[in-house]
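Spelled out, the chains give:
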Amino acid sequence: MTVQTHLIATTTSYAVFAYLYRKGINIPVIGTNRLTIYPLLGIPTAMAGAMLPDVDIENSRVSRKFPFLSPFLKHRGVTHTLLFVAVCYLAMSVNYSLNIKLIISAIFGLIFGILMLKGRFVFLKALVIAGAFTALSYAGDEVLPSLLFGMGFGWLFHIIEDMFNKKGCPILWPLTNKKLHLPLGPFLVRTRTWQEAVFLIIWEGVNAAILLIYMNVLRF
Ligand SMILES: [Zn+2]
């Protein structure tokens, strides 16, 4: 799938989820406490998570932003496993010192800025976003876990979307490197064809339906 498809599909699903759980959601994490996060705070990192797995494609829009990474990665390899989703989940349960919390939030802001901004002085402009993320994180303890939640969600949805594609993803790694796709037979989607457009239209329609059912506009 192209980066546009991933960004639109994932952001839509995340926005619907964030709206449904706008009052916060309790996440069971490792350790004793349940963690309350506010998904709306994680929208920028969900967008970043939707794009980042394709840093493994040489000369893609994402890998050009982080050119030092793609030579080490093979396409649909480790970034298309559940490793980073698991890392985000596990990182939510850690009790960070203030400094570490602010540094991680700044890094998320920097990554989001670099991915989204175009033109000149991208790094400098991204530093401003990093500053805003840091300030937000300083203001509230729920900010960093919400950012991590968004990142993990976005990353997971990228992988799910790629599984509609014949190439599939090695989601059972490290058990096996085999790339698995959904059992859709002739309905598997080929990237950059009309099928990808149809996939996106259906995806958006399903998300809109979920929202309308929840809002009691659509009834069965
Ligand atoms: Zn991908």
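Residues numbered from 1 in each chain as written. Predicted model: local features only at pLDDT ≥ 70, side-chain atom pairs only at ≥ 80, totals over all residues. Heavy atoms only, no water.

With that settled, the discussion passes to the coordination of the zinc ion. Of the protein atoms, only Asp54 (OD), His80 (NE2), His158 (NE2) and Asp162 (OD) coordinate the zinc ion, at distances of 2.0 to 2.3 Å. One way to put it: the four donor atoms around the zinc ion meet at angles of 89 to 172°, and that makes the site irregular. Mapped onto the sequence, the residues coordinating the zinc ion show the spacing D-x25-H-x77-H-x3-D. Remark: Asp162 occurs in helix 7 (residues 143–162) and His80 occurs in the loop between helix 3 (61–65) and helix 4 (83–92); sequence separation between them is 82 residues. Assessed through its relative accessible area of 0%, His80 is described here as buried. Accessibility expressed as a relative area gives 1% for Asp162, which makes it buried. (Donors = N, O, S within 2.8 Å, 3.2 Å for Na, K, Ca; no water. Tetrahedral: all angles 85-135°; square planar, octahedral: opposite > 155°, others 65-115°. Helix = DSSP H or I, 4+ residues; strand = E, 2+ residues; numbered from the N terminus. Buried < 20%, exposed > 50% of the residue type's maximum accessible area, 1.4 Å probe, protein only.)

Okay, the pattern of salt bridges next. Counting across every chain of the model gives two salt bridges. The partner of Arg76 in a salt bridge is Asp162, and the shortest N-O contact between them spans 3.2 Å. Taken together, the residues span a long stretch of sequence, with Arg76 in the loop between helix 3 and helix 4 and Asp162 in helix 7 at a distance of 86 residues. Given a relative accessible area of 2%, Arg76 falls into the buried group. (Salt bridge = Lys/Arg side-chain N within 4 Å of Asp/Glu carboxyl O.)

This part is about the confidence of the model for the chain. On average, the chain scores 94 in pLDDT, and the residues at 70 or more come to 99%. Per-element mean pLDDT across the chain ranges from 88 in strand 2 (residues 34–37) up to 98 in helix 2 (residues 43–51). (pLDDT = per-residue confidence, 0-100.)

If you look at the biggest cluster of nonpolar residues, it comprises 49 residues, and the most contacted ones within it are Met92, Leu115 and Phe149. Once residues within four sequence positions are removed from consideration, Met92 is found in contact with Ile27, Val29, Leu35, Ile37, Pro145, Leu148 and Phe149. (Core = buried A, V, L, I, M, F, W, Y, C linked by side-chain atoms within 4.5 Å. Contact = heavy atoms within 4.5 Å.)

We now examine the packing of aromatic side chains. Applying the stated criterion across every chain yields a total of 15 aromatic pairs. Measuring from centroid to centroid gives 6.4 Å for Phe66 and Phe68, while their planes differ by 90°, and the two rings are edge-to-face. Residue class for Phe66 comes out buried when judged on its relative accessible area of 10%. With a centroid separation of 6.2 Å and 80° between ring planes, the pair formed by Phe164 and Trp203 is classed as edge-to-face. In this pair, Phe164 is assigned in the loop between helix 7 and helix 8 (194–214) and Trp203 in helix 8, connecting sequence segments 39 residues apart. Joined through ring pairs, the aromatic side chains of Tyr14, Phe17, Tyr21, Phe149, Phe153, Phe157, Phe164, Phe199 and Trp203 make up one cluster. For Arg22, the ring lying beneath its charged end belongs to Tyr19, and the centroid distance is 4.2 Å. (Phe/Tyr/Trp six-rings, centres within 6.5 Å; stacked < 30°, edge-to-face > 60°. Lys NZ or Arg CZ within 6 Å of the ring centre and 35° of its normal.)

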